[in-house]
Amino acid sequence: MALLVPWIYPSLFLFSHLLFRAFQPCESLRNYLENEVTLLDSMSALGDLGWEAYPAEGWEEISVMDERNIPMRTYQVCNVMEANQNNWLRTRHIAREGAQRVYIEIKFTLRDCNSLPGVPGTCKETFNMFYYESNNANQWHIKESNYVKIDTIAADESFTQVDVGDRVMKLNTEVRDISNLSKKGFYLAFQDLGACIALVSVRVFYKKCPLTVLNLAQFPDTVTGGDSALVEVRGVCVNASEEFEAPRMYCSADGGWLVPIGRCVCQPGYEEQMDMCQPCKPGSYKASATDTYCTKCPPHSSSHLERASECLCEKGFHRAESDQRSTPCTRPPSAPESPISTVNETCVTLEWSSPRDSGGRGDITYNIHCRKCSGDNKKCMPCGSGVHFVPRQFGLSATMVMITDLQPHSNYSLTIESLNGVSDLSPSPRAAVVVNVTTSQTVSVVLKERRSKDSITLAWQGPDRSNGVTVEYEVTYYEKNQREQNYTVLKTRSNVMTVDGLKPGTTYVFHVRARTPGGHGTYGGTIELETSHEDMLAIGDPNQSTILAVSIAGGILLLIFLVTCFVVSGRHCGYIKAKQDPDEEKMQFQHGRVKLPGSKTYIDPHTYEDPNKAVRDFAKEIDASTIRIERVIGAGEFGEVCSGRLRLQGKREIYVAIKSLKAGYSDKQRRDFLSEASIMGQFDHPNIIRLEGVVTRCKPVMIITEFMENGSLDTFLKKHDGQFTVIQLVGMLRGIASGMKYLSDMGYVHRDLAARNILVNSNLVCKVSDFGLSRVLEDDPEAAYTTRGGKIPIRWTSPEAIAYRKFTSASDVWSYGIVMWEVVSYGERPYWEMSNQDVIKAIDEGYRLPAPMDCPVVLHQLMLDCWENGRGERPKFDQIVTTLDELIRNPAKLQELANSSICREDPTTPEFTVSTVEEWLEAIKMGQYQENFSSAGYVTLDSVLYISISELVRMNVTLAGHQKKILSSVQGLLSQGAHVQV
Ligand code: AMP
């Protein structure tokens, strides 16, 4: 035991003071620094530290008590009086516990040599610290040279005198570190070379990044790396969470977590709360891990248990496969409402209103089921495949269908079924409404007439009665001179009638119409017959008969297409109204009066000195408060075009189109804008857009016209490509021709007749519109080639009108030919992408547009006639109307297609050879359905040979025109099997 030198001894008590006070903050710091793991702490050693000191007279272990009477181990050395000191103090083996870098914190006091009286110059004020790495925990002696020096430690503060005042004792704290340790542990050593030191405490520790949870990922306690390297750590998702992006963080050398990357998210049915995933409460759900919070169950669904990832639908409600779990549960719709049937002979148009209850969905469609019934409606059988549905039978999205090719004089039960996306999930039968209809057939030809002094006999051919159908005819006549004031209606079941009691030598006007169980037809054409001045017999007078036949023939058109359609609802069978002859319409009886055709002439409003007067003369002023604007439907040259409603006093509300003049207009613009109304207001024809009136007394200035639900014809046709029968197309063309005949009769030249300037209403009636351009073309040579859309109407304009501005009804006929081409090609651009200059050149060189696909020869011929170079050689509009009427009466004439010989590629022609489904579809220009065919399993040609229409529907080939094309091509393939390389 070394003797304590007297000057140091008293300090021991002070140490204990000092130690206690000095370590107070350190203790708390130690608690505070949770990222430090202590490997050795001399202060907390209860017994002997067991360190090795040599030589024996060097370092000495001393136990002292701190203020709390807890023994403390310290080492001292103070051999300052003797030279050549080399005193070593070595700790026991310190296991490094995986740490690569450890820190050594030492606390010591050191006596200032100068303060010691009589000490030699060998007195030191520093000591050295070493380490030695070893796997051996019980190593005996370690050679000095084997130690690695950590540092020479000097006191920041040494003390100079022994005093009881604690202020003189200075405790030094130094921290050093050693890196890149690799063995199991190490020994620390303190070398004294002649100083007076008390080593109060030695603490060895390493740093770690403590266990932490971040972004729902848990990162474990992680020992920091050697040197200053970062340690990459992969986090583990906490309970009920899953990786959204692999969570990672870096543990830095000083025990801090850095750079969090990735995250975990709570699984469906759980939401994040305070670094944990908590289950959703009953009544709420969380469908996807990426949703942040649990949300309340959507309407008509509930969750009774915790942690629901979806809410189940209430009874009677469903969710379609494609529905999001966040959407309310829905149910099938109620039945369609207010069904209306319009029978036109063997064609029935059904219209209905949407179901009152949509079931909460927007994807309502309709299916039609057709059954043919016995006379008493007791036995009904499915209609079979002969009946056709336009646009289709199943999956209709519009509330209208046309059913064609029914048998005449038969009863049908037609069921309109409403469905939506959950109908298939519901066990209940589908809501439906049933409509019973009876088909008919009407007058076809008038045969003969006979006249006498006071009687006239008419005979005509009526509908086929073989089905036991009852037909009644109404013959209406009046004296021509008396006009409509006095007319008589006679009825007969026979198709011959003698009208007696007539005045001799007087001209009478007759109309005939038929009535079948399907309803009344409209009146046929008129016939004017004069009674003879004296008795004479004129049976079968060839001239008379011809006149009668021709005259009534005009009416046949109406009888074929209009009969019965008006009876049930007042609505029309699709295209029917388009075929009405306006002149005939004017002959109809209205409230006991016959409306006679006027022989008005168009007056150019620009000839008025005061253009406002023209507006007052031709257009009715409407009170703006009676107009309700609802939505914007288009843009006109002068401003927006809107749809809305108009309620005129004492009349029912009607839908109207409202064109308004945008603000900031000039006087000229106002005049030009209103000139359209002044022109339109002069016309009164079913195929000319009707002017309701104008608003000029307040702003904005407006023009109100009837509303045309299907908008402009070109857009409409493009939207319904291939969906109409050729008869329907001819019906539309007939309507336009009829409107143009009316205009040309009035002496009005349109100058911008084009499909874009034809409007279509919900009954497919086409009406000529756009009467604003003519003036612009006439006045402004620059504007001659512009239309409102900024397009040049060259493609629609005749050569003489382009060349020297010779605009006449004959140039309108040229344009009409182009409209015909547009209609038959479903809105194709005339001359496609050819430039205007090329078009002019090509026309000059005799080129004419070829027949569009599936165009009947007769229609193309009519187009070519309209495009005769000499305007005198072009047909007049009345001839065009007559030609189209004839075609409607004899649809067989439309059968020969112009391009059947051109279409070499058509698989129905013998030249055609295909070997794959792709080639076949490409050849018939149905290549867009390749995907549909292959995903339905039709990969070889032989597999398509017996394909049915329902299969096509299933494959989403829903356009009637396309179905027809594919099926007729399949027929072709079948009939020329030898050419098909299957
Ligand atoms: P416009 O200025 O006459 O060329 O009209 C511009 C657009 O508004 C047309 O292309 C149609 O789409 C629409 N439009 C004009 N008038 C009517 C109408 N009476 N009914 C429905 N849409 C119309």
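Because the structure is a prediction, the values reported are computed rather than measured.

A.B. asks: Describe the packing of aromatic side chains, with residues and values.
C.D. replies: All chains considered together, the criterion is met by 28 aromatic pairs. A network of ring pairs unites the aromatic residues W51, Y75, F108, F127 and F190 as a single cluster. Seen from the ring of Y103, K207 lies directly overhead, with NZ or CZ sitting 4.7 Å from the centre. In this structure, R263 is placed above the aromatic ring of F244, and the distance from its NZ or CZ to the ring centre is 4.4 Å.

A.B. asks: With reference to specific residues and values, describe the site of the ligand.
C.D. replies: Around the ligand, the surrounding shell holds 15 residues, and the nearest of these are A657, K659, T705, E706 and M708. In this structure, a nitrogen atom belonging to the ligand sits 3.2 Å away from a side-chain N or O atom of T705. Take E706: an N or O atom from its main chain is 2.8 Å from a nitrogen atom of the ligand. Looking at the shell around the ligand, the elements that each hand over two or more residues are β44 (627-635), β46 (654-660) and β48 (702-706). Sort the elements by how many residues they give to the shell around the ligand and β44 lands first, with 3 residues.

A.B. asks: Which residues make up the state of the cysteines, and what values go with them?
C.D. replies: On inspection of all chains with the given rule, the structure shows 10 disulfides. A sulfur-sulfur separation of 2.1 Å characterises the disulfide bridge that pairs C237 with C264. Classification of the bridge connecting C237 and C264 rests on its S-S torsion, roughly -80 degrees, and on that basis the disulfide is left-handed. In this pair, C237 sits in strand β17 (residues 236-237) while C264 sits in strand β19 (residues 257-266), placing the two residues 27 residues apart along the sequence. Given a relative accessible area of 2%, C264 falls into the buried group. Disulfide pairing is shown between C297 and C311; the S-S distance is 2.1 Å. What sets the handedness of the C297 and C311 disulfide is the S-S torsion sign, and at about -75 degrees it is left-handed. One end of the pair, C297, is in the loop between β23 (295-296) and β24 (301-302); the other, C311, is in the loop between β24 and β25 (312-313), with 14 residues separating them in the sequence.

A.B. asks: With reference to specific residues and values, describe the nonpolar core.
C.D. replies: Within the largest apolar cluster, 75 residues are counted, with the highest numbers of intra-cluster contacts made by F683, L713, I736, F771, Y816 and L884. Broken down by element, this core gets its largest block of residues, 10 residues, from helix α8 (residues 726-745). Sequence-distant contacts of I736, that is, excluding residues within four places in its chain, are made with L713, L753, I758, C766, V768, Y816 and V819. Counting residues in hydrophobic clusters, the runner-up holds 33 residues, among them L40, W59, Y75 and V77.

Conventions used here
Residues numbered from 1 in each chain as written. Predicted model: local features only at pLDDT ≥ 70, side-chain atom pairs only at ≥ 80, totals over all residues. Heavy atoms only, no water. Phe/Tyr/Trp six-rings, centres within 6.5 Å; stacked < 30°, edge-to-face > 60°. Lys NZ or Arg CZ within 6 Å of the ring centre and 35° of its normal. Near = heavy atom within 4 Å. Polar contact = N/O pair within 3.5 Å; in protein donor to acceptor, adjacent residues only side chain to side chain. Helix = DSSP H or I, 4+ residues; strand = E, 2+ residues; numbered from the N terminus. Disulfide = S-S within 2.5 Å. Buried < 20%, exposed > 50% of the residue type's maximum accessible area, 1.4 Å probe, protein only. Core = buried A, V, L, I, M, F, W, Y, C linked by side-chain atoms within 4.5 Å. Contact = heavy atoms within 4.5 Å.

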